[in-house]
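What the coordinates show
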Amino acid sequence: DKNGIEQVILRNVRGASATVSMHGGQVLSWKTERGEELLFTSTKAIYTPPKPVRGGIPICFPQFGNRGTLEQHGFARNKIWVIDQNPPPLSTDPNGKACIDLLLKPSEDDMKIWPHSFEFRLRVRLAADGHLILISRIRNVNGKPFSFSFAFHTYFSISDISEVRLEGLETLDYLDNLYQKERFTEQGDALTFESEVDRVYLDSSDMVAVLDHEKKRTFVIRKEGLPDVVVWNPWEKKSKSIVDFGDEEYKQMLCVDGAAVGKPITLKPGEEWTGRLELSVVPST
Ligand code: TA6
């Protein structure tokens, strides 16, 4: 990119593509075989580290949100990752080259602010059917036990926030960031949006769906190892207070994140955690 930071473009046999930046290990683009962009990035995004890029899929690790001592959403999204030359084999070994393995390990400085020896391996794969698969594997190399919270902070591109339904979170409890993270219970119907939403839904099923009425398409989010779902739209007032977010852009995005926030994950020395996210888009009636 213009800062000289390496980006990798994955392309599958049908011409779908995904762009992954070494800046934060962040997916910045996911396109259909017809070249249609499925992820939102702000026209005011800042691509200069250590600022995270507004949009795509920032990786929130080792802390989600502002619930701890680290910067908002932790440092992983602000770091420069490297391409992992010798990724350990995964059960679902990638076929073809539409796959990249990235690695983040703490520097000396990182160990000062978060004194844990971890290895974070991220595999980004664009399957032949256009599904985008992100697998995070975080290992406690040999230090003392550590705990973390995590989210794939996914910005979906949608036509109009007031025409979107989010299905799969009915009846769940959620923590509402707009009310001091207090716990509420969702009613029995799909979510629709008419004001700022900033919630962590707890212990959801492994699949949620974002229906974009105007585009007649549905994003399907499948997840493993990610019990919670973060739902965020800043709406008008909050958008105006975010420097790298256009005033009207809240109408074209919705964050629906596979996450592990309600109960932090604890790893003993040598233990590894895996979080898997599979995104697809299907025509909806
Ligand atoms: O989605 C939850 C949230 O923590 C919101 O409160 C909002 O801050 C959003 O993430 C974006 O955070 P960021 O640090 O990327 O501006």
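Described below are features of the structure shown in this document. (Residues numbered from 1 in each chain as written. Predicted model: local features only at pLDDT ≥ 70, side-chain atom pairs only at ≥ 80, totals over all residues. Heavy atoms only, no water.)

This part takes up the overall build of the protein chain. In terms of regular secondary structure, the protein chain is built from two helices and 19 strands. Relative to the compact-globule value of 19 Å for 285 residues, the protein chain shows a C-alpha radius of gyration of 18 Å, a close match. Its C-alpha atoms put the protein chain at 45 × 45 × 35 Å along the principal axes. For the protein chain, the accessible surface area stands at approximately 12,600 Å², while carbon and sulfur atoms represent 51% of it. Between the averaged position of the 36 positive side-chain charges in the protein chain and that of its 41 negative side-chain charges there is a distance of 3 Å. (Helix = DSSP H or I, 4+ residues; strand = E, 2+ residues; numbered from the N terminus. Rg over C-alpha atoms; globule rule 2.2 N^0.38 Å. Areas by Shrake-Rupley, 256 points an atom, 1.4 Å probe, with all protein chains shown as cover. Lys, Arg positive; Asp, Glu negative; His and termini not counted. Charge placed at Lys NZ, Arg CZ, Asp CG, Glu CD.)

With that settled, the discussion passes to the sheet that holds strand β8 (residues 132–140). Each strand in a sheet pairs with another by means of backbone hydrogen bonds, the pair being arranged parallel or else antiparallel. Read from one edge to the other, the open sheet built from eight strands follows the order β5-β6-β7-β8-β19-β16-β15-β11, with strand pairing classed as antiparallel. Taken across any chain shown, the strands that pair with only one partner, and hence form the sheet edges, are β5 (82–83) and β11 (164–167). Looking at chain direction, β5 and strand β6 (residues 99–104) are connected through two bridges and run antiparallel. Residue pairing for β6: I83 is matched across the bridge by L102. (Pairing = 2+ DSSP bridges.)

This next bit is on the packing of aromatic side chains. Where two aromatic rings form a pair, the distance of their centres and the angle of their planes describe that pair. Scanning the entire structure with this criterion turns up 25 aromatic pairs. Summarising the aromatic geometry, the rings of F40 and Y155 are spaced 6.0 Å apart at their centres and angled 20° between planes, so their arrangement reads as stacked. Highlighted residues: F40 in the loop between β3 (26–31) and β4 (59–60) and Y155 in strand β10 (residues 155–157), separated in sequence by 115 residues. Relative to F184, the ring of Y179 has its centre 5.8 Å away and its plane inclined at 65°; by these criteria the two rings are edge-to-face. Taking relative accessible area as the criterion, Y179 reaches 46% and is therefore assigned partly exposed. What links up through ring pairs into an aromatic cluster is the set F61, F75, W81, W114, F118, F120, F146, F148, F150, F152 and W273. (Phe/Tyr/Trp six-rings, centres within 6.5 Å; stacked < 30°, edge-to-face > 60°. Buried < 20%, exposed > 50% of the residue type's maximum accessible area, 1.4 Å probe, protein only.)

F61, F120, L132, F148, F150 and F193 are the most contacted members of the largest nonpolar core, which totals 71 residues. A per-element tally of this core places strand β18 (residues 253–267) first, with seven residues. Apart from the residues within four sequence positions on either side, L132 is in contact with A18, V27, W30, I57, V124, R125, L126, L277, E278 and L279. In terms of nonpolar packing, the next biggest core, distinct from the first, is built from nine residues, F64, V200, V230 and V261 among them. (Core = buried A, V, L, I, M, F, W, Y, C linked by side-chain atoms within 4.5 Å. Contact = heavy atoms within 4.5 Å.)

Looking along a regular strand, one sees the side chains alternate between the two faces of the sheet. The buried count for strand β2 (residues 17–21) comes to five of five residues, which makes it a mostly enclosed element. Bridge count for strand β1 (residues 7–11) against β2 is five bridges, and the pairing is antiparallel. Each residue of the ladder has a partner; that of R11, found in β2, is S17. Remark: five residues form the turn of the hairpin made by β1 and β2, two consecutive strands paired antiparallel; G15 in that turn has positive phi of roughly 95°. For β2 and β3, the ladder comprises five bridges, and the chain directions are antiparallel. If you follow S17 over to β3, its bridge partner there is K31. Taken together, β2 and the strand that follows it, β3, pair antiparallel across an intervening segment of four residues, in which G24 is found at a positive phi of about 80°.

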